[in-house]
There are 2 protein chains.
Amino acid sequence: MRKTVTIEPKQKRSQRTRERIFRVAAREFAAKGLAGARIDEIAARARINKERIYAYFGSKEEMYRDVLVACYAKAASNQRLQTLTSADIPHMTGIIIDTFFEIHRRNPEFWRMLAWENLDGGKSLRARDWESIRGAYIRPLEALYGEGQTNGVFRPEVDFNTYVMLLFAATYFYYSNRITMSRLLNLKLQREEVRRQVEAQFLAILDGGMAASRQR
Amino acid sequence: MRKTVTIEPKQKRSQRTRERIFRVAAREFAAKGLAGARIDEIAARARINKERIYAYFGSKEEMYRDVLVACYAKAASNQRLQTLTSADIPHMTGIIIDTFFEIHRRNPEFWRMLAWENLDGGKSLRARDWESIRGAYIRPLEALYGEGQTNGVFRPEVDFNTYVMLLFAATYFYYSNRITMSRLLNLKLQREEVRRQVEAQFLAILDGGMAASRQR
DNA sequence: CAAAAAAACAACCATATGGTTGGTTTTATG
DNA sequence: CATAAAACCAACCATATGGTTGTTTTTTTG
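Residues numbered from 1 in each chain as written. Chains lettered and ligands numbered in written order. Predicted model: local features only at pLDDT ≥ 70, side-chain atom pairs only at ≥ 80, totals over all residues. Heavy atoms only, no water.

**Topic: helix α11 (residues 192-210) of chain A**
This is how it is decided: Here a strand is any run of E in DSSP of at least two residues, a helix any run of H or I of at least four, and the numbering for each starts at the N terminus. Here the expected span of a helix is defined as 1.5 Å times the quantity of residues minus one. When accessible area is computed with a 1.4 Å probe and restricted to protein chains, residues below 20% of their type maximum are described as buried, those above 50% as exposed, and intermediate ones as partly exposed. Contact definition: two residues touch when any of their heavy atoms are within 4.5 Å.
End to end, α11(A) covers 26 Å across 19 residues, agreeing with the expected 27 Å (1.5 Å per residue, within 8%). Taken as a whole, α11(A) has its buried residues at V194(A), R195(A), V198(A), E199(A), Q201(A), F202(A), I205(A), L206(A), G208(A), G209(A) and M210(A). Tucked inside the fold, the buried residues of α11(A) contact α6 (92-106), α8 (127-150) and α9 (160-176) of chain A together with α9 (160-176) and α11 (192-210) of chain B.

Structure (structure tokens):
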């Protein structure tokens, strides 16, 4: 058991190698999940020896966790999501839907990693990891939603959690279940034009349903 | 290669054995997916010899496909879904949401099999299989929705596919992403009382957003 | 009940898999 | 430029895996 635990490799070559392994691993894990991913395959595609993987990452599980954290962080780092202000409140639902769609479009591994994680019982991440993800993902939205409720833009009886969950559900589902839904409904959800149409209709429903002025 | 292809086993013992294997396999595949499921594990849990699995089902993949089809069919066979009438149109959104939640509550393997399938690229089922799933799942709803649109109950600019997709997305997501969402939002989505609250709020938003009378 | 057919099983096989070891090459630095 | 540390690699290991085979046990039926 060699306990090198190279947290910060000193050599540039190794830096590059590590990154190359990481990129390949991310693709592999997103594609096949923790159980389905093959160490040999990752090594071959990264054009390195298996042993390097264990030197850099310790084990398959640890490498998986690293990939997972990085994937969530990258998705949450979205520009628009992080720069919302009070001025956006009136159109917030539309902006969030559009931003969530954009996050999924730009990070094709995101929904996959989430899906694997949920199927796996969510045992890969620690409470601390979630704390930071929560900070990155939720903080930009929570305060603004409260403000919107106070100002009478959003219905007071719908709480923030439900709101985020429904918006995220719609966009996540569009990607995560594209294949089965396309077959079930005879649609071509891969097409960007279809996606835009669906987005417009999702917005029509969700914005309409959220507006406080439309309360009974 | 023994080509018995026992489509309809003559013996009662074998009938029971086959069913036992099938039940165990369904649990195993739902839990771990096609790649993660272990033939040895299924054999052990069903208290039979591995060879029986190959005699009855041919291969791992074929058995998986059988399980998948049965799982979709079972979910679609839901009583309330299959007995909707024109009289239900005014409260259709609420009924569908409630029914979809019920389907997931009663078939814990359903969302899992769907999730595995989407991650896997949806290569397990043939067009014919989808044809029949489509019939069972969609037929009861499509006509009624059209009727609702004609009668001015539903917004004319939101089409049926989007409507079903959004309702299904909300309920599916609640189950499929329960674990990660609970951690992200500091909630306890496993609790039935929380689920009921969320359902009520989903309904408030979606019903509000669908009603034609609330159009701008 | 005897013989044939079906069901069941123990043992086996080739290959794949996550992980390790001991030695060789490359790189930075005194 | 010598040398030690880091990076790298070929070969190896134990175990697990999907799938098969030859034989024995159980069930059905003339």
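On we go.
**Focus on the domain arrangement of chain A**
All names here are of chain A. Convention followed: An automatic or database domain assignment is the source of the domain bounds shown. Buried area: the sum, over both parts, of the accessible surface (1.4 Å probe) that disappears when the two are put together. Salt bridge criterion: a side-chain nitrogen from Lys or Arg within 4 Å of a carboxyl oxygen from Asp or Glu. Polar contact is the term for a pair of N or O atoms within 3.5 Å; when the atoms are in protein, one must be able to donate a hydrogen and the other to accept it, and sequence-neighboring residues count only if both atoms are side-chain atoms. Here the term charged refers only to Asp, Glu, Lys and Arg, the term nonpolar to Ala, Val, Leu, Ile, Met, Phe, Trp, Tyr, Cys and Pro, and the term polar to all other amino acids, Gly among them.
For chain A, the domain assignment lists domain 1 (12-58) and domain 2 (71-214). The gap between the C-alpha centroids of domain 1 and domain 2 is 30 Å. Of the residues lining the interface, six residues belong to domain 1; the matching set on domain 2 comes to five residues. Roughly 410 Å² is buried in total at the junction of domain 1 and domain 2, and carbon and sulfur atoms are behind 64% of that figure. Contact with domain 2 buries area across many residues of domain 1, yet A30, A31 and L34 alone supply 67% of it, more than any other trio. Where domain 1 touches domain 2, the interface holds zero salt bridges. Counting every contact that joins domain 1 to domain 2 gives four residue pairs in polar contact (both at pLDDT 80 or more). Here the residues of the side of domain 1 that touches domain 2 are counted per class, giving four nonpolar, one polar and one charged.

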